[in-house]
Amino acid sequence: MDLTHSPLADGDRDTAGGALQGALVDLVDLSLVAKQAHWNLYGPRFRSVHLHLDEVVATARDFADQVAERAAAIGVSPDGRAATLARTSGLPEFPAGWIADDEVVGHLVEAFGAVIGRMRERIEQTDSADAVTQDLLIAVTAALEKHSWMFRAENRN
Ligand SMILES: [Fe+2]
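For clarity, every value in this text was computed on a predicted model and none was experimentally measured.

K.L.:
Pulling in residues and values, what's your account of the overall build of the chain?
P.N.:
The number of helices and strands found in the chain is five helices and two strands. Put simply, the chain runs from its N terminus to its C terminus through helices and strands in the order α-β-α-α-β-α-α. A compact globule built from 157 residues should have a C-alpha radius of gyration of about 15 Å, and the chain, at 16 Å, falls within 12% of that. Oriented by its inertia axes, the alpha-carbon framework of the chain measures out at about 55 × 25 × 20 Å. Counting over 157 residues, the chain shows a buried share of 46%. Across the chain, contacts joining residues at least 24 apart in sequence account for 80% of those joining residues at least 6 apart. Here the chain has roughly 8200 Å² of accessible surface; of this, 54% comes from carbon and sulfur atoms. Here the chain contributes 14 positive and 24 negative side-chain charges, whose respective centroids are spaced 5 Å apart.

The structure is reproduced here in structure tokens:
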């Protein structure tokens, strides 16, 4: 059994694998941040933001699984360990403790901005390395940009 077998040439595999690993870390961390906010939220918009946050968790977990399995499919071992997340996530740190709805929305908009920027770089990086990986990263980015728009639309200013 050769798990390192890849349909890609070595250089392309490394490029696509690096992009997928980075996407995995950002997506798992996003799922954790959204749950942290889901649990600590308060304010008049509690219900709508609480429910929206779980939709973000579902999106992030689903795509985390897809990018990890794409990495495995091209012969790259995915690393979703907590220590790796803590060291390499591109998300801003989410504050501890209870947090008001307006602040949650602000933090989520900031987090989406950071992740989307990194995802768009990964789309560029994989352009010639692997169209299949790039296609997945485009789908991830489209879903994140949709959530980002919805959170931005929740703010009056
Ligand atoms: Fe819940």
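And the narrative resumes.
K.L.:
I'd like a description of helix α4 (residues 101-125), backed by residues and values.
P.N.:
With 25 residues, α4 extends 36 Å from end C-alpha to end C-alpha; this agrees with the ideal 36 Å at 1.5 Å per step. Along α4, the residues that are buried comprise Asp101, Val104, Val105, Leu108, Ala111, Phe112, Val115, Ile116, Met119, Arg122 and Ile123. Residues of α4 that are buried make contact with α1 (10-40), β1 (41-42), α2 (46-73), β2 (99-100) and α5 (131-154).

K.L.:
So what's going on with the side chain of His50? Residues and values would help.
P.N.:
Positionally, His50 belongs in helix α2. In contact with His50, not counting residues within four places along its chain, are His38 and Leu41.

K.L.:
Can you tell me about the nonpolar core, naming the residues and giving the values?
P.N.:
Counting 41 residues, the largest nonpolar core has Leu53 and Leu144 as the members making the most contacts within it. Counting only elements with at least two residues in this core, the list comes to α1, α2, α4 and α5. If sequence neighbours within four positions are ignored, Leu144 has contacts with Leu27, Leu30, Phe112, Val115, Ile116 and Met119.

Rules of the game
Residues numbered from 1 in each chain as written. Predicted model: local features only at pLDDT ≥ 70, side-chain atom pairs only at ≥ 80, totals over all residues. Heavy atoms only, no water. Helix = DSSP H or I, 4+ residues; strand = E, 2+ residues; numbered from the N terminus. Rg over C-alpha atoms; globule rule 2.2 N^0.38 Å. Buried < 20%, exposed > 50% of the residue type's maximum accessible area, 1.4 Å probe, protein only. Contact = heavy atoms within 4.5 Å. Areas by Shrake-Rupley, 256 points an atom, 1.4 Å probe, with all protein chains shown as cover. Lys, Arg positive; Asp, Glu negative; His and termini not counted. Charge placed at Lys NZ, Arg CZ, Asp CG, Glu CD. Expected span 1.5 Å × (residues − 1). Core = buried A, V, L, I, M, F, W, Y, C linked by side-chain atoms within 4.5 Å.

By themselves, these figures tell us nothing about what the structure is for.
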